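Listed below are the residues making up each chain.
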Amino acid sequence: MSEAIDLRRHVELCLEALEAIVPLADAAGIETGYDDAYDEWEEIVEALYLSFVVRPVCDDLPDRGIRQFHRPGFETDGEAGAAILVDHDARAYFLFNFAKGDGNRMRLVLRPVDGVGEDVLAGAEDCVNFRVGVLGKG
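Notes on the structure follow. (Residues numbered from 1 in each chain as written. Predicted model: local features only at pLDDT ≥ 70, side-chain atom pairs only at ≥ 80, totals over all residues. Heavy atoms only, no water.)

Any empty space left between atoms is shown by rolling a water-sized probe over those atoms. Put simply, the largest pocket is a space of about 300 Å³. Of all the elements in the fold, those that place two or more residues in the lining of the largest pocket are helix H2 (39–60) and strand S2 (91–100). For the lining of the largest pocket, the leading source of residues is H2, giving six residues. Residues that form the lining of the largest pocket fall into these classes: 10 nonpolar, four polar and six charged. (1 Å grid on protein atoms, 1.4 Å probe; cavity = no way out; pocket = protein on both sides within 12 Å on 5 of 7 lines; lining within 4 Å. Points joined across faces, edges and corners; volume = space filled by probe spheres on them. Helix = DSSP H or I, 4+ residues; strand = E, 2+ residues; numbered from the N terminus. Nonpolar A, V, L, I, M, F, W, Y, C, P; charged D, E, K, R; others polar.)

Turning to H2, a few remarks are in order. Taking 1.5 Å per residue, 22 residues should reach 32 Å; H2 reaches 30 Å between its end C-alpha atoms and fits that length. At Leu-50, H2 shows its largest bend, some 45 degrees. Within the span of H2, buried status applies to Trp-41, Val-45, Glu-46, Leu-48, Tyr-49, Val-53, Val-54, Pro-56, Val-57 and Cys-58. Its buried side turned inward, H2 meets helix H1 (7–27), strand S1 (81–88), S2, strand S3 (106–112) and strand S5 (128–135). (Expected span 1.5 Å × (residues − 1). Bend = angle between axes of the 7 residues up to and from the residue. Buried < 20%, exposed > 50% of the residue type's maximum accessible area, 1.4 Å probe, protein only. Contact = heavy atoms within 4.5 Å.)

Take the sheet that holds S5 next. Strands sit in the order S4-S3-S2-S1-S5 across an open sheet of five strands; the sheet is antiparallel. Edge positions in the sheet fall to strand S4 (120–122) and S5, since each has one partner strand and no second. Each adjacent strand pair in this sheet contributes to an overall mean axis angle of 45 degrees, direction not counted. Two elements, S3 and S4, share three bridges in a ladder whose sense is antiparallel. Bridging across to S4, Leu-108 finds its partner in Ala-122. (Pairing = 2+ DSSP bridges. Axes fitted to C-alpha atoms, helices over the stretch in contact; angles between N-to-C directions.)

Any link to function would need more than the numbers given here.
Encoded structure:
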(Lines give C-alpha, C1' and ligand atoms only; values in the text may rest on other atoms or scores of the structure.)
Protein backbone atom coordinates (compact mmCIF):
# COMPACT_ATOMS: atom_id res chain seq x y z
CA MET A 1 0.00 0.00 0.00
CA SER A 2 1.40 3.39 -0.91
CA GLU A 3 -0.39 5.34 1.84
CA ALA A 4 -1.19 4.47 5.43
CA ILE A 5 -4.71 3.20 5.94
CA ASP A 6 -7.26 5.71 7.24
CA LEU A 7 -8.62 3.42 9.92
CA ARG A 8 -11.42 5.77 10.96
CA ARG A 9 -12.68 5.93 7.38
CA HIS A 10 -12.62 2.16 7.01
CA VAL A 11 -14.64 1.75 10.21
CA GLU A 12 -17.11 4.37 8.93
CA LEU A 13 -17.43 2.50 5.61
CA CYS A 14 -18.13 -0.72 7.49
CA LEU A 15 -20.88 1.01 9.47
CA GLU A 16 -22.37 2.43 6.25
CA ALA A 17 -22.30 -1.01 4.58
CA LEU A 18 -24.06 -2.57 7.58
CA GLU A 19 -26.71 0.18 7.54
CA ALA A 20 -27.33 -0.48 3.85
CA ILE A 21 -27.83 -4.19 4.47
CA VAL A 22 -30.11 -3.91 7.54
CA PRO A 23 -33.35 -3.40 5.54
CA LEU A 24 -32.51 -6.34 3.27
CA ALA A 25 -31.69 -8.59 6.21
CA ASP A 26 -34.89 -7.54 7.98
CA ALA A 27 -36.90 -8.27 4.81
CA ALA A 28 -35.30 -11.72 4.64
CA GLY A 29 -36.33 -12.42 8.23
CA ILE A 30 -32.80 -12.18 9.60
CA GLU A 31 -32.89 -10.72 13.10
CA THR A 32 -30.60 -7.68 13.27
CA GLY A 33 -31.30 -6.41 16.78
CA TYR A 34 -28.23 -6.58 19.02
CA ASP A 35 -29.83 -8.71 21.72
CA ASP A 36 -31.75 -10.95 19.29
CA ALA A 37 -29.33 -11.43 16.39
CA TYR A 38 -27.90 -14.85 15.83
CA ASP A 39 -25.60 -16.63 13.39
CA GLU A 40 -26.88 -15.17 10.12
CA TRP A 41 -26.48 -11.53 11.17
CA GLU A 42 -23.27 -12.20 13.10
CA GLU A 43 -21.74 -13.78 9.98
CA ILE A 44 -22.74 -10.74 7.89
CA VAL A 45 -21.23 -8.37 10.46
CA GLU A 46 -18.02 -10.38 10.66
CA ALA A 47 -17.68 -10.61 6.86
CA LEU A 48 -18.08 -6.85 6.40
CA TYR A 49 -15.75 -6.07 9.30
CA LEU A 50 -13.09 -8.36 7.84
CA SER A 51 -13.52 -6.90 4.36
CA PHE A 52 -13.74 -3.21 5.23
CA VAL A 53 -11.42 -3.00 8.25
CA VAL A 54 -9.25 -6.01 9.01
CA ARG A 55 -8.03 -6.91 5.51
CA PRO A 56 -6.90 -3.35 4.74
CA VAL A 57 -5.09 -3.26 8.10
CA CYS A 58 -3.40 -6.57 7.32
CA ASP A 59 -2.40 -5.29 3.87
CA ASP A 60 -0.95 -2.16 5.49
CA LEU A 61 0.68 -3.96 8.44
CA PRO A 62 2.12 -7.22 7.08
CA ASP A 63 3.06 -8.35 10.60
CA ARG A 64 -0.68 -8.67 11.40
CA GLY A 65 -2.76 -11.60 10.21
CA ILE A 66 -6.54 -11.81 9.99
CA ARG A 67 -6.71 -14.58 12.60
CA GLN A 68 -4.90 -12.37 15.10
CA PHE A 69 -7.86 -9.98 15.27
CA HIS A 70 -10.62 -10.12 17.86
CA ARG A 71 -13.83 -11.51 16.35
CA PRO A 72 -16.76 -9.11 16.74
CA GLY A 73 -18.99 -10.10 19.62
CA PHE A 74 -16.75 -12.81 21.02
CA GLU A 75 -15.26 -12.63 24.50
CA THR A 76 -11.54 -12.08 24.77
CA ASP A 77 -11.08 -14.34 27.82
CA GLY A 78 -7.92 -12.43 28.69
CA GLU A 79 -6.06 -13.80 25.68
CA ALA A 80 -3.95 -11.40 23.68
CA GLY A 81 -5.38 -10.45 20.30
CA ALA A 82 -5.18 -7.57 17.88
CA ALA A 83 -8.10 -5.15 17.97
CA ILE A 84 -9.15 -1.73 16.77
CA LEU A 85 -8.61 0.66 19.68
CA VAL A 86 -10.23 4.07 20.01
CA ASP A 87 -10.49 6.80 22.58
CA HIS A 88 -13.95 7.89 23.65
CA ASP A 89 -14.50 10.48 26.39
CA ALA A 90 -10.75 10.39 27.17
CA ARG A 91 -10.77 6.63 27.79
CA ALA A 92 -9.34 3.73 25.77
CA TYR A 93 -11.75 1.17 24.33
CA PHE A 94 -11.56 -1.61 21.78
CA LEU A 95 -14.11 -2.26 19.08
CA PHE A 96 -16.00 -5.21 20.54
CA ASN A 97 -18.95 -5.39 18.15
CA PHE A 98 -21.55 -3.46 16.12
CA ALA A 99 -25.16 -2.82 17.16
CA LYS A 100 -28.22 -1.44 15.42
CA GLY A 101 -29.39 1.73 17.12
CA ASP A 102 -32.24 4.17 16.60
CA GLY A 103 -33.37 4.59 13.02
CA ASN A 104 -31.38 1.51 11.98
CA ARG A 105 -28.14 3.46 12.44
CA MET A 106 -25.27 1.14 13.21
CA ARG A 107 -23.19 1.95 16.26
CA LEU A 108 -19.88 0.72 17.58
CA VAL A 109 -19.98 -1.40 20.72
CA LEU A 110 -16.91 -0.31 22.63
CA ARG A 111 -15.47 -2.28 25.53
CA PRO A 112 -13.00 -0.71 27.97
CA VAL A 113 -9.45 -1.89 27.30
CA ASP A 114 -8.80 -2.08 31.05
CA GLY A 115 -11.88 -4.28 31.54
CA VAL A 116 -13.38 -1.86 34.06
CA GLY A 117 -16.87 -0.56 33.35
CA GLU A 118 -19.66 -1.20 30.91
CA ASP A 119 -19.72 -1.36 27.13
CA VAL A 120 -20.47 1.93 25.38
CA LEU A 121 -22.45 2.48 22.16
CA ALA A 122 -20.92 5.20 20.01
CA GLY A 123 -20.68 6.44 16.47
CA ALA A 124 -17.33 6.64 14.74
CA GLU A 125 -17.70 10.41 14.95
CA ASP A 126 -17.69 10.14 18.77
CA CYS A 127 -14.27 8.48 18.81
CA VAL A 128 -10.71 9.66 18.25
CA ASN A 129 -7.29 8.11 17.78
CA PHE A 130 -8.26 4.97 15.83
CA ARG A 131 -5.38 2.52 15.98
CA VAL A 132 -4.46 -1.16 16.05
CA GLY A 133 -3.42 -2.53 19.42
CA VAL A 134 -2.98 -5.79 21.24
CA LEU A 135 -5.38 -6.78 24.01
CA GLY A 136 -4.14 -8.51 27.11
CA LYS A 137 -0.65 -7.07 27.06
CA GLY A 138 0.36 -4.38 29.48
